[in-house]
Amino acid sequence: MRITDWDDAYANRDHIEDAETYVTRWPQDAAAFRADLLGQGRAELDLAYGASTRNRFDLFRPEKIPEGLVVFVHGGYWRTFDKNVWSRFAAGPLNQGWAVAMPSYTLAPEVPIDTITDEIGAAIEEAAAQIPGPIRLAGHSAGGHLVTRQVCADTALSPAVLQRIQHVVSISGVHDLRPLLMTTMNDDLRLDVISAAAESPALLVPVDGARVTVWVGGDERPEFVRQSTLLANIWTGLGADMTQVKEPGRHHFDVIDGLLEGGSDLTYSLLS
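Quick look at the structure, then. (Residues numbered from 1 in each chain as written. Predicted model: local features only at pLDDT ≥ 70, side-chain atom pairs only at ≥ 80, totals over all residues. Heavy atoms only, no water.)

### Brief notes about the overall build of the protein
Helix and strand content of the protein: 10 helices and 8 strands. Considering only C-alpha atoms, the protein reaches an extent of 55 × 45 × 35 Å along its principal axes. In the protein, buried positions account for 57% of the 272 residues. Expressed as a percentage of contacts within the protein between residues at least 6 apart in sequence, the contacts between residues at least 24 apart total 77%. Working note: accessible area of the protein is about 11,200 Å², and carbon and sulfur atoms make up 50% of it. Computed over 22 positive and 37 negative side-chain charges, the inter-centroid distance for the protein is 3 Å. (Helix = DSSP H or I, 4+ residues; strand = E, 2+ residues; numbered from the N terminus. Buried < 20%, exposed > 50% of the residue type's maximum accessible area, 1.4 Å probe, protein only. Contact = heavy atoms within 4.5 Å. Areas by Shrake-Rupley, 256 points an atom, 1.4 Å probe, with all protein chains shown as cover. Lys, Arg positive; Asp, Glu negative; His and termini not counted. Charge placed at Lys NZ, Arg CZ, Asp CG, Glu CD.)

Below you can see the structure in the form of structure tokens.
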């Protein structure tokens, strides 16, 4: 089927019932979660990883010595949100004994996407310096792009940190940015054919030993299912250890809800 309306193909709020209730609830739940962990002495907020105003991350610690580090990168089409909206989604890994870092990053159009990619790499490096042991990366939507981008062969991550990354989970990620050239959001993203290709994991080579799960909701917009299948197919052919999961009944806004629970399939997959 030929797509003629690319804005609609990537429009999530228009196709999710009560979409605004999610956007309203997330920051409220996140604030309560941070307050609770601060009261327990288990949260360190606004840790710097760079010079820009939004180069900050929150670090949440489990009750005991961490099993390792999870870095969760938020979405919002590289243009919206910050770390303070998503704190509650650290709950699942925390309950399983993992520390969780959640970075903000500079948004488009202030910077291009390749700069955001570099910022997330810097955030991972700084968080890794705080927490020893294995590392898991997870990202939602644009965040799924940003975490898979870290395990491409041209990654800026140091070899020492890269070898600690044992699993990457891209949740409803965008892995080929070229279709975005045909959307109005590109007024902010400022991609062209060259930059879109250079920042598309599906057009790049994974690092040796990359293990990646692409997780998508069964009720998502078809483009997000296609984007997940695309990376799974291409990177399997390039030697990566790839898994694809289509979670039945989930849409773009509730597909991440598994991260709220330590015993969920999504949290189990991430930490396995």
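Next comes the rest of the write-up.
### Structural notes on the nonpolar core
Counting 59 residues, the largest nonpolar core has Leu69, Trp78 and Leu180 as the members making the most contacts within it. Top element by residues in this core is helix H4 (residues 113-130). It accounts for 7 residues. If you look at the next biggest cluster of nonpolar residues, it comprises 32 residues, including Ala19, Val23, Leu259 and Leu266. (Core = buried A, V, L, I, M, F, W, Y, C linked by side-chain atoms within 4.5 Å.)

### Points about the environment of Glu125
Looking at where Glu125 falls in the secondary structure, it is placed in helix H4. For the pair formed by Glu125 and Ala160, sequence separation is 35 residues and the distance between their alpha carbons is 9.5 Å. Apart from residues no more than four positions distant in its own chain, Glu125 is found in contact with Leu157, Ser158 and Val161.

### Digging into the packing of H4 against helix H5 (residues 142-149)
Where H4 meets H5, the closest approach of the two axes is 9 Å, and the angle between their N-to-C directions is 65°. In terms of axis orientation, H4 runs roughly perpendicular to H5. Where H4 crosses over H5, the two elements pack in a sense that is right-handed. Only His145, Leu146 and Arg149 of H5 make contact with H4, whose side of the interface consists of Ile113, Ile116, Thr117 and Ile120. Here the contact of H4 with H5 is built from residues that sort into 4 nonpolar, 2 polar and 1 charged. (Axes fitted to C-alpha atoms, helices over the stretch in contact; angles between N-to-C directions. Parallel < 35°, antiparallel > 145°, perpendicular 65-115°, else oblique. Left-handed = near helix turned anticlockwise from the far one by under 90°. Nonpolar A, V, L, I, M, F, W, Y, C, P; charged D, E, K, R; others polar.)

### Observations concerning H5
Every α-helix carries 3.6 residues per turn, so stepping three or four residues along brings you back to the same face. Burial analysis of H5 places 8 of its 8 residues in the buried class, which makes it a mostly covered element. Taken together, the buried positions of H5 are Ala142, Gly143, Gly144, His145, Leu146, Val147, Thr148 and Arg149.

### A closer look at the environment of Ser269
Turning to its location among the elements, Ser269 is positioned in helix H10 (residues 265-271). Distance from Ser269 to Gly209, taken between C-alpha atoms, is 17 Å for residues 60 residues apart in sequence. If sequence neighbours within four positions are ignored, Ser269 has contacts with His167, Thr213 and Trp215.

### What to know about the pairing of strand E7 (residues 211-217)
Summarising burial for E7: 6 of the 7 residues are buried, a large majority. When strand E6 (residues 165-171) meets E7, the two strands line up parallel, connected through 4 bridges. Bridged to Ser170 within E7 is Val214. Running through helix H9 (residues 222-237), the crossover from E7 to the neighbouring parallel element strand E8 (residues 241-247) is right-handed. (Pairing = 2+ DSSP bridges. Right-handed = clockwise from strand over helix to strand, strands pointing away.)

### Here's the deal with the packing of aromatic side chains
If you walk through the whole model with that rule in mind, you get 11 aromatic pairs. Taken together, a centroid distance of 6.4 Å and an interplanar angle of 75° make the contact between Trp26 and Phe81 edge-to-face. With Trp26 in helix H2 (residues 19-39) and Phe81 in the loop between strand E3 (69-73) and helix H3 (91-95), this pair connects stretches of sequence that are 55 residues apart. Judged by centre distance (6.3 Å) and plane angle (40°), the rings of Tyr77 and Trp78 are tilted. Take Tyr77 and Trp78: they sit in the same class, and that class is buried. Put simply, the rings of Tyr22, Trp26, Phe72, Phe81, Trp86, Phe89 and Phe253 pair up and form one aromatic cluster. (Phe/Tyr/Trp six-rings, centres within 6.5 Å; stacked < 30°, edge-to-face > 60°.)

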